Each structure stands twice: as C-alpha cells, then as structure tokens.
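Structural overview for review
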Amino acid sequence: KLFGWLPRKTRKASGQQGAPTLSSRGAMAEQGRHGDLDMPEVEYQGAEAIEADELDAQFTQGECVEVDFDEDDAPPSDDDGDDGEMKEEGTLEEDEVYGDNSGIDDAQARVEHTDSVLSVAFCPTDRRVLLTGSQDDSAVLWSIEEQSGGGLRCVERRRLTGHTDSVTQVAFSNDGKYAATGSYDGSVKIWAPDTGDLIHTLDGPSKEVEWIMWHPKGHAILAGSADTMAWMWWAPTGKLMQIFAGHAQSVTCGSWGLGGKLIVTGSEDRSVIVWNPRGGTPQQTIREVHESAIVSMCAHPEAPLVVTGSEDSTAKVIQIETGKVVANLPGHDQSVEACAFNNPGASGMSLLATASMDGKIIVWDGKTFDLRCQMQDHVEQGGIVRFKWLPAPNFGCWLCSCATDGSVRIFDALAGRCVHMLRGHTDTVVDVDLVLGDGGQLAVASASEDNSCRIFTVTLGATAAAAPAAAASTQAVAAGSFA
C-alpha cells in the first residue's frame, strides 16, 4: 500500500514525490546544523507577550473579546468521489513486507470500535480513565479495571456521540476537568470526563479540524483547521476568543510557545507564524521555512524556540523572537512526522527527538542540537507515526513510539537502544499515550487502524538505571496500582 497508514478520512496523503533524499541534499550535514545565532538560555521578556496566568485570569473574568462569525457555510463534504482504495501495480501488501505477527499479543486489555481508532488519551489526574476517538465518528470514555484473577479490562463508561465525521483528536485538559474531541466535521466538543455529558460544541472552522491542544496551565483550547486558520476558545463557557488568520493553506500543526505565552502555527504553505494570543496578530511570519509542507511542530518548554518537521525530510529549529532558523537537523529520508523535547526534570539532560516515515528516531542535544544517536529498530519494518516522551524525573530520557508496522516500542534515548517491543496490533498504530505509576509501572495505550485500542503494561523499575534488572517482558499491573 502507498502510505496505507493515512486513511482518506483521517488525514490528507503525505505525498513524497520529489522529497529530497540524503544523497540529493548532498553535503547538507557537512555544512553544519547551526545558523548564525548563538542560543544562550534566555528568559522571555517580550513586552507584548501575555503571561499564562494572566491569560487564564482574563478568560475566567471574561476580559477577552468574544468573536462573532457567520455560520452560513456548512463544513464541506469529505466525499471526493473516490470510493476505491488506490493500490500501485507491483506493490506488496503490508503484511507481506512486515510479516505476520498473528497470535502474539502482549496487551493486558483491549477495546474495539467499528472502524479505525485514530486517537487515545489517558486522563492526567486519574489513569483509570481512558478516552478514544475513531473513524466511526464516535469517542468513548472507558474505565480501566483490575480483574480478580489478574490482568486488566476496559469497561465502557459513556459513548460520546454527536460528531458527524471521524474523531481524529482527543485530549484532556491539564487538570483533568475537561475532555475535548476534534473531528473532521469541523467542530470541537467539550465533555465532562466524570459523567460523559456534553458541555459545549465549539463551532467555527469551515473545514476539518487537524489538531487540538489545551493550554498547558489553563482551560483555553487551540485548534488548527484545513480552512487555513487556527481557532482559540475558552472551554468553560464555549466562547470563541480568537481567530488566527494568516496562512494560505491548511494549518497542520501548532504549539503554545514559551509555556503558553505565545501561539505558533505551521502550515502546508511551508510557513510558521508566531501569534499574540490576546490580539490575534502575528508577531513573526517566517515564510518558506521548508521545501514542502510542515507536518509536525514542538515548542521548547522554556526557551523561545520551536522545532518544525516537514515532508521534505528535514527538521529545523526556529528562534521565535527573531524569526531566524538557528539549526538545521538533517538525517531523515522521508517525512518528519513527529518531534518533541523531553521531560528532563530539574537535573536531567535536555534532549530533542525527531521521528520519520523512514523508521528512524534521531536524538539531538536539546541545547546545542548536536546529534547524539539514531535508533533504527523500525527501519525496514515501518514508518514512525508518533512518539511520546516518558515523564521526569526517573525516565525523562525514555520515549515510546508507534509505527506503521503495528508495533509499539520503548527506547532509552541516552543509550540509543530499544528496551521493549509491544505487539498485538495487526495494522498501523496511529497514536499512543502513556502514564507512569508507582514503582516504575508503565501503562501504554495505543490506537490502531485494526479498530482497536490496546493497553500494555511494563515494569520498568524505580529508576532508569534499574530498568534492565526489572522484568523484561510485559506483565499485568500489580494489584491496586491502577487505583
């Protein structure tokens, strides 16, 4: 299959025609990754930036201006007239390439939808609560329970209905008070996680919602749409607080810069825009950052830096106060689908990882952006769709990936090695979330095109140093550890 992990209703195909390879980019690596700016650690003092706490207070007190908009234009139909599945002549099906892992299932529990499961999230304040979103146009809240004979089971608490197209995004607010679902029907819905009741439907986008992201400290929620705009609402009231218009094509990715003081968006038009969240005005517009569409983005947790990943197989580091590219990160052969800084903790090492459809995870120093290692366990098996860093402090240098080969893998990024492979899915795994419990008990939830979400549990030990001595295989969570 040609990019079989991208279903038509889930995401626009990431066409790789003409994407430069390492050989065609010649001596890019030899030219150096750094731009012409030094990158000391600086505290952001921008006069126009708004503090996260102030932003949160303004939303609470209703001091922002509510934006009115017309609803005359209905969201467009996703029916493009192509009901058949495209397959190139002479290509092999994925199972012929990757092999058949049927019968091997490391999962402790699983849940089913009637179509591909596209997104998954643990509640950050209660890891017994799980939310899934599916191409069957529904989301479901699940309770994770321990069985008397050992192992886990998932019980459906509430089916969240009302969307009329694929639910591609699910996310909990940082305090677990709200759950959000984003859909290709052009809407975002806010739910009460404890009851599953619908609180608000956040209308506005005239096309598909590509991504959603909660403010890291408050209840503002940001979404990017295929209608070329980003949208921000205040979830408790459902008010539209700001529209960010400036891109020429779909807003494919975004982030809260400087811990929530700024908003940064990336687009298929290859540009990055830095926004003032209060005024909705661009502070920096950086055009032609890449040769192809920007498909992934992450923000440094403190410094004024964002990283972009593109279909042109490169990643770049941008100083968002000056708008200059300060580091080029080569080494991938295909689209860079994910990038993220780790959670180092107070005394840990800052790392950045980029992951690509070429199957490689490349780890960079989070301050100098020098290459540290490459992890290639997915290479020639499948492309990496997403990854997530484990929490600080003990496992802040570990990450978990999911890929088109149907596997979920856990890596020690400092050692550059895979420490666990979690099997059981029979199709592409498109999303992953995780939660770390007492004693190093890691729970991983994975969403797949095989219509299932699986729960894996792994004993890592109390610290990363002790992890090799811990159980090397997946196992049931100890009694009471999910309580």
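Just so you know, the residues in each chain are numbered from 1, in the order the chain's sequence is written. Totals for whole chains, interfaces and linings use every residue, but because this is a predicted model, local features are given only for residues with pLDDT of at least 70 and side-chain atom pairs only at 80 or more, for both listing and counting. With hydrogens and water set aside, each side-chain value is computed from the structure's full complement of heavy atoms.

**Notes on the packing of aromatic side chains**
The geometry of an aromatic ring pair is captured by two quantities: the separation of the ring centres and the angle between the planes. Defined as follows: Two rings belonging to Phe, Tyr or Trp (six-membered ring only in the last case) form a pair when the distance between their centres is within 6.5 Å. Interplanar angles under 30 degrees mark stacking, angles over 60 mark edge-to-face geometry, and anything in between is tilted. Summary of the burial criterion: residues with accessible area below 20% of their type's maximum are buried, those above 50% are exposed, and those between are partly exposed, where the area comes from a 1.4 Å probe applied to protein chains only.
Evaluated as defined, the whole model comprises 5 aromatic pairs. Here the aromatic rings of Phe387 and Trp389 are separated by 6.4 Å at their centres, their planes lie at 80°, and the arrangement is edge-to-face. Judged on exposure class, the residue Phe387 and its partner Trp389 are both buried.

**A look at the sheet that holds strand E29 (residues 417–422)**
Paired through backbone hydrogen bonds, the strands of a sheet run either parallel or antiparallel to each other. Formally: For two strands to be treated as a pair, DSSP must find at least two bridges joining them. Each helix is a run of DSSP H or I of at least 4 residues and each strand a run of E of at least 2, with the numbering of both proceeding from the N terminus. A fitted line through C-alpha atoms serves as each axis, taken over the contacting stretch for helices, and the angle formed by two N-to-C directions is quoted from 0 to 180°.
Read from one edge of the open sheet, 4 strands run E26-E27-E28-E29, paired in antiparallel fashion. Unpaired on one side and paired on the other, strand E26 (384–389) and E29 mark the two borders of the sheet. This sheet shows a mean twist of 25° between the axes of neighbouring strands, independent of strand direction. Sheet analysis places strand E27 (residues 398–403) next to strand E28 (residues 408–412), joined by 5 bridges and oriented antiparallel.

**A short note on the nonpolar core**
Filter applied, for reference: Joining through side-chain atoms within 4.5 Å is the link that ties buried Ala, Val, Leu, Ile, Met, Phe, Trp, Tyr and Cys residues into a set, and such a set is a nonpolar core. The contact rule is simple, with two residues in contact once any of their heavy atoms fall within 4.5 Å.
The biggest cluster of nonpolar side chains holds 18 residues, and the ones touching the most others in it are Leu390, Cys400, Val408, Ile410 and Val444. Of all the elements in the fold, those that place two or more residues in this core are E27, E28, E29, strand E30 (429–436), strand E31 (441–448) and strand E32 (452–459). Contact partners of Leu390, with chain neighbours within four places excluded, come to Asn343, Phe395, Gly396, Trp398, Leu399, Cys400, Leu434, Leu442 and Leu460.

**Thoughts on unusual backbone geometry**
Of the consecutive residues Ala392 and Pro393, the connecting peptide bond is found in the cis state with omega at 0°. Here Pro393 is to be found in the loop between E26 and E27. The phi angle at Asp137 is positive, at roughly 75°, despite the residue not being glycine. Position of Asp137 relative to the elements: it lies in the loop between strand E3 (126–134) and strand E4 (139–146). Positive phi values are uncommon outside glycine, yet Ser313 reaches one of about 80°.

**Here we look at the pairing of strand E11 (residues 220–225)**
Counting buried positions along E11 gives 6 out of 6 residues, so the element sits mostly inside the fold. Burial along E11 is two-sided: Ala220, Leu222 and Gly224 and Ile221, Ala223 and Ser225, pointing in opposite directions, are all buried. Sheet topology note: the strand E10 (residues 209–214)/E11 ladder contains 5 bridges and is antiparallel. The residue of E11 that forms the bridge with Trp214 is Ile221. Linking E10 to E11, which pair antiparallel, is a turn of 5 residues.

**Brief notes about the side chain of His163**
Applied cut-off: Two N or O atoms form a polar contact when they lie within 3.5 Å of each other; inside protein one atom must be a possible hydrogen donor and the other a possible acceptor, and for residues adjacent in sequence the pair counts only when both atoms belong to side chains.
Within the fold, His163 resides in the loop between strand E5 (152–160) and strand E6 (167–172). When its relative accessible area of 7% is taken as the criterion, His163 is described as buried. Of the polar contacts made by the side chain of His163, one reaches the side chain of Asp185; its length is 3.1 Å. Here Ser187 takes part through its side chain, which lies 3.3 Å from a polar atom of the side chain of His163. Every residue in contact with His163, bar those within four places of it in the chain, is listed here: Asp137, Thr181, Ser183, Asp185, Ser187 and Lys189.

**Here we look at the confidence of the model for the chain**
The condition that has to hold: Note on scores: pLDDT gives the predictor's confidence for each residue, bounded by 0 and 100.
Overall, the prediction assigns the chain a mean pLDDT of 83, with 74% of residues at 70 or greater. Of the regions scoring below 50 in pLDDT, residues 1–50 engages in 120 contacts with residues more than four places distant in sequence or in other chains. Considering only residues more than four positions removed or in separate chains, one finds that residues 73–92, a stretch of pLDDT under 50, has 18 contacts.

**A closer look at the sheet that holds strand E8 (residues 188–191)**
Across the sheet, 4 strands lie side by side as E6-E7-E8-E9; this open sheet has antiparallel pairing. What marks the edges here is a single partner per strand, and that holds for E6 and strand E9 (198–202). Adjacent strand axes in the sheet meet at a mean angle of 20° when their direction is disregarded.

**Remarks on the pattern of salt bridges**
Threshold: We define a salt bridge as a side-chain nitrogen of Lys or Arg found within 4 Å of a carboxyl oxygen belonging to Asp or Glu.
Evaluation of the coordinates by the stated rule reveals 14 salt bridges. With its nearest N and O atoms 2.9 Å apart, the salt bridge here joins Asp197 to Arg158. Placement of Asp197 in the loop between E8 and E9 and of Arg158 in strand E5 is noted, with a sequence separation of 39 residues between them. Note that Asp450 is salt-bridged to Arg454, the shortest N-O span being 3.5 Å. Connected through shared salt-bridge partners, Asp105, Asp450 and Arg454 make up one network.

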